[in-house]
Structure formats: structure tokens, C-alpha cells
Amino acid sequence: MSEWTTVIKPKNSLLDIDLKGIWRYRDLVRMYVRRDIVTVYKQTILGPLWFLIQPMLTTVMYMFVFGGLAGISTDGLPQALFYMAGITLWNYFSTVFNKCSNVFAANSSVFGKVYFPRLVVPISGTISNLLQFLIQFCLFLAFYCYYAFFTDSPVHMNATALLFPVLVVMLAGHAMSWGLIITSLTTKYRDLTLLVSFGLQLFMYATPVIYPLSAAPEKFRDILAFNPLTSIFEAFKFGWLGSGSLSWWGLLYSLGFLCVTTFLAVVIFSRVERNFMDTV
Amino acid sequence: MSDIAIRFDNVSKIYRLGVVGTGTLVHDLNRWWQTSVRHKEDPYLKIGQTNDRAAKGDGDIVYALRDISFDIRQGDVVGIIGKNGAGKSTLLKLLSRVTSPSAGCICAKGRIGSLLEVGTGFHPELTGRENIYMNGSIMGMTRREISRKIDEIVDFAGVERYIDTPVKRYSSGMTVRLGFAVAAFMEPEILVVDEVLAVGDAEFQKKAIGKMQDVSRGGGRTVLFVSHNMGSMRRLCSRGVLLENGMVKYMGGMGDTIREYLKDEVIQSSFDGADGDEKVLCLRKASVSAAGRDMITIDSAVRVEFDIDVARKIPSLVAGFNLCSSYQYPLARADYNDVSQQASLEPGSYHLAFEIPPYTLAEGEYKIAFDIAERNVKRYTSEKSDLTFNVSQGETLFGNAFAESLPIKSSLIHERWFRSIQRR
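Bear in mind the structure is a predicted one, so any value in this text is a computation, not a measurement.

Take the overall build of chain B next. Along the backbone of chain B there are nine helices and 18 strands. Per-residue burial over chain B gives 37% buried out of 424 residues. Of all intrachain contacts in chain B linking residues separated by at least 6 positions in sequence, the fraction that spans at least 24 positions is 69%.

Turning to the overall build of chain A, a few remarks are in order. Helices and strands together make up the secondary structure of chain A, namely 12 helices and one strand. Relative to the globule expectation of 19 Å for 280 residues, the C-alpha radius of gyration of chain A, 21 Å, shows essentially globular dimensions. In terms of principal-axis extent, the alpha carbons of chain A reach across some 70 × 50 × 35 Å. Within chain A, the fraction of its 280 residues that count as buried is 39%. Here the analysis covers contacts within chain A between residues at least 6 apart in sequence; of these, 78% occur between residues at least 24 apart.

Moving on, we get to the pairing of strand β16 (residues 364-374) of chain B. Residue and element names in this part refer to chain B. Relative to β16, strand β13 (residues 317-325) runs antiparallel, the two being bridged by nine bridges. By the bridge assignment, L317 is partnered in β16 with E374. Examined bridge by bridge, β16 and strand β17 (residues 378-379) share two bridges and lie antiparallel to one another. Within β17, the position partnered with E374 by the bridge is K378. Count of turn residues in the β16/β17 antiparallel hairpin: three residues, of which N376 carries a positive phi of about 60°.

This part is about the interface of chain B and chain A. Opposite the 36 residues of chain B that make contact, chain A presents 29 residues. Mapped onto the side of chain B that touches chain A, the elements with two or more residues apiece are α1 (24-37), β4 (103-108), β5 (112-115) and α3 (128-138) of chain B. The biggest single contributor to the side of chain B that touches chain A is β4(B), with five residues. Of the residues contributing to the side of chain B that touches chain A, the split by class is 18 nonpolar, 13 polar and five charged. Bridge analysis of strand β1 (residues 6-8) of chain A against β4(B) gives three bridges, and the strand direction is antiparallel. When the sheet's bridge partners are listed, A:I8 is paired in β4(B) with B:I106.

Residues and elements named next belong to chain A. Direction vectors running N to C along helix α8 (residues 164-186) and helix α9 (residues 191-205) enclose 145°, while the axes themselves pass 8 Å from each other. You can see that α8 and α9 cross each other, and the crossing is left-handed. Between α8 and α9, the contacting residues are I182, L185 and T186 on the first element and L192, T193 and V196 on the second. Residues that form the contact of α8 with α9 fall into these classes: four nonpolar, two polar and no charged.

Below, the discussion takes up the sheet that holds strand β6 (residues 190-194) of chain B. Residues and elements named next belong to chain B. Spatial strand order, β5-β6-β7-β3-β8-β9: six strands in an open sheet with mixed pairing. Across the chains shown, the open sheet's two edge strands, defined by having one partner strand only, are β5 and β9 (247-253). With strand direction ignored, the average angle separating the axes of adjacent strands in the sheet is 20°. One ladder, built from five bridges, connects β6 with strand β7 (residues 222-226); its direction is parallel. Counted as the bridge partner of I190 is T222 from β7. Helix-sheet contacts for helix α2 (residues 88-95) involve β3 (77-81), β5, β6, β7 and β8 (239-244), and the interaxial angle to β7 is about 145°.

What follows deals with the sheet that holds β1(A). Pairing within the open sheet is antiparallel, and its four strands lie in the order β1(A)-β4(B)-β1(B)-β2(B). Edge strands, defined here as strands with exactly one partner in the open sheet, are β1 of chain A together with β2 (61-73) of chain B. Adjacent strand axes in the sheet meet at a mean angle of 15°, parallel and antiparallel pairs treated alike. Running at roughly 65° to β2(B), α2(B) makes contact with β1 of chain A together with β1 (4-16), β2 and β4 of chain B of the sheet.

All names here are of chain B. Where β13 and strand β14 (residues 330-335) come together, five bridges link them in antiparallel fashion. Bridge pairing in β14 places F321 opposite A334. Here β13 folds back onto β14, and the loop between the two strands holds four residues, one of which, Q328, carries a positive phi near 65°.

Let us look at unusual backbone geometry. All names here are of chain B. The phi dihedral of N10 falls on the positive side, at around 50°, and the residue is not glycine. Relative to the elements of secondary structure, N10 occurs in strand β1. One non-glycine residue with positive phi stands out, namely Y359, at about 60°. In this fold, Y359 is placed in the loop between β15 (348-356) and β16.

Before going further, it helps to examine helix α4 (residues 143-157) of chain B. All names here are of chain B. Along α4, the sharpest change in direction is near 55° and occurs at K149. Buried-residue contacts for α4 involve α3 and α5 (172-184). Directly beyond the C-terminal end of α4, a positive phi value near 65° is found at G158.

Residues and elements named next belong to chain A. As for its placement among the helices and strands, F66 is situated in helix α3 (residues 50-69). You can call F66 buried: it has 20 C-beta atoms within 10 Å. Each C-alpha atom of the pair F66 and Q79 lies 9.5 Å from the other, and the pair is 13 residues apart in sequence. Among all residues touching F66, those that are not within four sequence positions of it are I72 and I210.

Before going further, it helps to examine the confidence of the model for chain B. Residues and elements named next belong to chain B. Summary statistics for chain B give a mean pLDDT of 77 and a share of 77% for residues scoring 70 or more. The low-confidence segment residues 396-409 (pLDDT under 50) makes 13 contacts with residues lying over four places distant or belonging to another chain. In the predicted assembly, ipTM is 0.79 and pTM is 0.71.

Helix-helix packing: each pair is described by the crossing angle between the helix axes and the interaxial distance. All names here are of chain A. Contact geometry for helix α4 (residues 79-101) and helix α11 (residues 230-241): axes closest at 11 Å, N-to-C directions at 135°. By the criterion of interaxial angle, the relationship of α4 to α11 is oblique. Considering only the axes of α4 and α11, their crossing is right-handed. Residue-level inspection shows L81, F82, A85, G86 and L89 of α4 in contact with α11, the latter providing F233, F236, K237, W240 and L241. Taken together, the residues of the contact of α4 with α11 sort by class into eight nonpolar, one polar and one charged.

Moving on to the confidence of the model for chain A. Scored by pLDDT, chain A comes out at a mean of 85, with 96% of its residues at no less than 70. Per-element confidence in chain A is highest for α8(A), whose mean pLDDT is 92, and lowest for β1(A), whose mean pLDDT is 77.

Okay, the environment of B:V377 next. Within the secondary structure layout, B:V377 lies in the loop between β16 and β17. For the pair formed by B:V377 and B:S316, sequence separation is 61 residues and the distance between their alpha carbons is 9.3 Å.

Residue and element names in this part refer to chain A. With respect to the helices, strands and loops of the structure, S73 is situated in the loop between α3 and α4. When the C-alpha atoms of S73 and A215 are compared, they prove to be 6.5 Å apart, with 142 residues separating the residues in sequence. Dropping the residues within four chain positions of it, S73 is found in contact with P212 and A215.

The rules behind the values
Residues numbered from 1 in each chain as written. Chains lettered and ligands numbered in written order. Predicted model: local features only at pLDDT ≥ 70, side-chain atom pairs only at ≥ 80, totals over all residues. Helix = DSSP H or I, 4+ residues; strand = E, 2+ residues; numbered from the N terminus. Buried ≥ 20, exposed ≤ 12 C-beta atoms within 10 Å, placed from the backbone. Contact = placed C-beta atoms within 7 Å. Rg over C-alpha atoms; globule rule 2.2 N^0.38 Å. Pairing = 2+ DSSP bridges. Nonpolar A, V, L, I, M, F, W, Y, C, P; charged D, E, K, R; others polar. Axes fitted to C-alpha atoms, helices over the stretch in contact; angles between N-to-C directions. Left-handed = near helix turned anticlockwise from the far one by under 90°. Bend = angle between axes of the 7 residues up to and from the residue. pLDDT = per-residue confidence, 0-100. Parallel < 35°, antiparallel > 145°, perpendicular 65-115°, else oblique.

Have a look at this one:
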């Protein structure tokens, strides 16, 4: 019947995303983003400075462990800059992924009481982390300027740097779609949550974050190419630092991979969101 | 047809009992194999089981709701009542889309707002004002809507002075008031309310009920209530739905529905057995009857008698009962100490008798809940010894002040206050 405005039925079609609903709840996305940013460092003295301290300390640690002790090549680039590029990108990926991968578990008390399009939460998480990422990226730029203008290190930007927004969106897309798949599966089977935390750590080493792809032995390079994040990280470093490689095929593969996982994520997520309260 | 706001059409909801975890993957695979590949029935779904939480059943799937079909007209304020586990909350959850039905379909006209629990999504670190925005947008209000109403909301909650303080510094009462205030000012066409009226202090409760009455009276809003407080339900609701074991048992006017619900509680006019702790204090036998007659009527005295065993010296003994009206409203309390002033009894068995004088109670159903206890320490009697009795009109005809069937004229006390009437 056409006069009903809300029809609640057991099962809807495979691809039933309430895009209109999400748009209607855009103010909620805004509130969530605001909340995330405002509350993280409430009652801290340094406040938002923590956004910068964390990647800096990590960089110093990596310089010591991977650069100093292990002596992994950085393609001739200053270690600080090289690690910071990797860490900034990787941080964004891992925080978005973590945020999305426990959407259901972390919000079950709210989800259990009110209805709103559940996708609002992962979307706002991705956006609020984007702001954090941009702040950290500014830190990277500051380092970049220092090395580019005050030292004679071989850093030079090229036109590929313009791909930056595309790369970030792709990275966010990967993180979100995997996260959504994980969270949907873990409402029923908790096994995956145990896998996720250390799996993510392992995955970092399977991605050229702390090493350049060129430093990997030939036979592993082909395997690494299967990782859809490889080409994103490489393209980023190529554009901004001038090292690494730009592989259009790799990026295309990554994009295709993204389309498939996004589709899967949306299908699974919209299935689970309707009934997850019964199993979580 | 066109004035129907919500239609439930054969709605069912199935829940799985037991632990979800190990074994479910096997079940899931088996179910998928049986239903999708071999096109057979779901092997775990046993048809024909009702949801009786006390009875043991085979199969680990129950119907929380089963083939629920009814319509709610626009502007109706509907109270949903039933025992614990009858499916009330499930029904509201389905309607507020927290979870989806297993079968059937719910159609509704207009925005559905739910007030399942107040303060949803409050973040302790955010200030009251920020939380109003947060909570409001979770419930589907836009920023502009909230900005328009924020003064009213703050005023209603009565937290003006604290509005820019983080909510974690609020007292729990203030948090709840703020939460309720936000929800109360949300303006959906259909409002779903679950047990939220029991919040805050007495003054705020009055305010909350008043607000709910405004909401339901003005603007043709459709409201669905779930509560165990029959008194407020009766005041607020015009229609009632009685659920039992996940099925609709009765639907009609609120007064009739409540009566139907309470009628179900087994009428017990005498109790024989032991209620309490036999080693300390226990109620043995109890009965309620008309003194010297076989039926309790308005003009007969009601005699309440019971035996107690006092096994041990108890410093401050309570032995009496509470008299409640059919809407569970407490009317009076009687205790043996009221007259005899004895602080306690020596160990032994006692027989106690009480008498409610004639012309005290009006026609209707009453409940006696025994209270055998050690004062301020422990109550030994439980619900199982509750007695119920009916006071009927009897043969004498009285005025129309007591006819319970006329809701406005219901009187619980059979007054005989009339003295004289004189022409001047």
C-alpha cells in the first residue's frame, strides 16, 4: 500500500541501503564527529597536541628499531620523513579499521534502544579520523619542508602527489569495508575479534609501511602486490618523496578490490544491522 | 481505513534460547543446507510452541510474538499490558526498528519516535547542552529543530544552572530528567514509550505524566505505552492491548483491558500451607470470608483470619496485611500491634482475626497481601499467600456512586457520609 510511510518487514532485498535515511541523519553524523574529536582529549593538559606527539614518538621508535638496529633501507631518504609518511597513512588505516570493526559491539547499548541508519556510526568514525589524519599530515608536511629546503636530502615531489585525495579516499574505503565485514561477522562469532587485533599488526608488516617495496626480495614483491594497500602506500611515497614506484595497474587492482569489498560489506552489514540485537 | 496509524499484520518474532556461541555455526550450516539447498523446513523451528517461560519445552526456539494482528487508529493512546515475558517490549522494539520481525509486516504512517530508555547516547564528557544535541539527533531531530526547542527542553528538565557542565558531574536524577526532556520534545507522529515514567522524583514524575497527557491529547499523536503501573496507564491511555505468551489476548478500552489482565491472576480466597521460614516465622493458614454469611457484600463485614507459627523470639514482630484495590493501589494496612500494643509474641502458634466493618469497601475486587515480618529486617511472606476477594453489590440497592463500570464514578470506599438534606 502506498499510503504507509514506514513498512517494517523481516527481510529486504540484497542491496537495501537506506541512503536517503543516512542523508536525513546527516546532523547526527556531524554530532558524532564532533563528539569524537571533542571528547578524546578532554581533561588532558596537552589536549590536541597528542595528535602530534603520538606519530612523532612512533617515528623516533621506528628510526631506532628498524632504521638503527635492523638497518632496513629507506631508499636513501631521511629516515624520519620516510617513517612518518608510512606511519601517518597506516595510522589512518588502522584507526578507521578498528573503529569500524567494532561498530556493533561498541554501540550495542545505543543501537538497542533507538533506530537510526547504523551506517551513520562508521561513516562518522571515518570522517572524524580523517580530521585527525589531516592534522598528522600537516606534521608530515612540516617535516617535509624542513628536509626539502634546509637539507640536501634527495626528496622531491612530483605530479603524482596530486593523487593524494584519491589515495586517502581509497585507503579509507578499504579500512571501512573490511571493518564493516569484520563487525558484521563478529556479532555472531566472536572468534574474529581475537584475530583482528594481532592480525592488523601482522598486516602492517605485509604492507610497505616501514620498508620500501624495492627493498623486498623479488619473489616476495609479487606476493606483496596482491595486498591492495601496497600500491596506495607506494604511490603516496612516490608522489611526495620521489622514491618507490607508481604502478597504475596496482592502483587499478586496488580499486577493483575496493569495489568488491565495499559491495560485500554493504550487503553483509545491512543484513546484520536488522537483527544483530538478538545475537550480540 | 485511512485513519489507521499503525497496522500489525501477522507479526511474529522468534528468539533462540540458550547460549549463542559454540554449536551455532553447525546449526547455521545445517539450517542453510536444509532450507536453501534442499528446500525443506527449518529444522530448528518447531511450530506450535508457545512462549511459556515457566514450562519446559523441547526445541530451543521460542516465539516472543506470534501472529500479532491489530490496528491502531490515529490519535489513540494505547497501553500495552501483560506479564513479564508476554512480548510487550519485543513489540515496541519491533516498532522502533531496533530489531526486525521474523515474519509478518508492520505498517505505519508517519515518523516513529521511541522513548525506550531515556538518555540514550549521553556521553559523560559532553556538557548538558552538547548532549541535548547529541541525544536529539540520535532520535532523529535535526539541528535546527533542536535549536528551536532547546530553551524549552532545558526549562523542562530544570537543569539550567548545569547546562554547560559535563554530564558526568550531574546527579543521576538530573541525567534522567535531561534525557526525558529531550525525548519529550521530540515530535514524531507515533511515539513509543517503555516504562520511562518511573523516573525522577515525585515532582518530576507528575510533570512527565502531565507532558505525556499533553502529547497524547493535542495534535492527534498516536502513542504506545508499556508500563506496569496500572494507575498511570489508566489515566493516560484510551485503549489497551493485553498480551499473553506473545499473543493478543484482549483488546479494548483501557479499563476493560486492565480488568481482563487482573482477572487472570488466580482468585484465591483461602490459603493452606506454609509461607515463610518454618524455623523462624511462617504463615500457616489464611482465609477471607464474610462474617456470618456465605458471600461478601457491601453490607457484610469482611473477616480476615490467619495462623502464624513463631518458632523463635522475634524482637519486633509484624503480623498483618495490606489491602489493595484491583488496580494494585494500596488502600489500607492492618497489623496486630495496632490494637494490642504488644511489641512481640512468645514462640508458639497463634490465630489472628481481623474484621473490616460493613459499608467500608465498595463493590469490586480487592487483594490482601500478608505481611508477616520482623520489623526492618525481613519479610517472610510472599506473593503465594496473597488472597483475592470480591465485594458484590448484594441485595440492597444503593445509589450510583459505586458502579465501577462507570469509570468516573468509581469509588473505592463505600461512603456513608450522607446525613441530611433539608429544604430551605
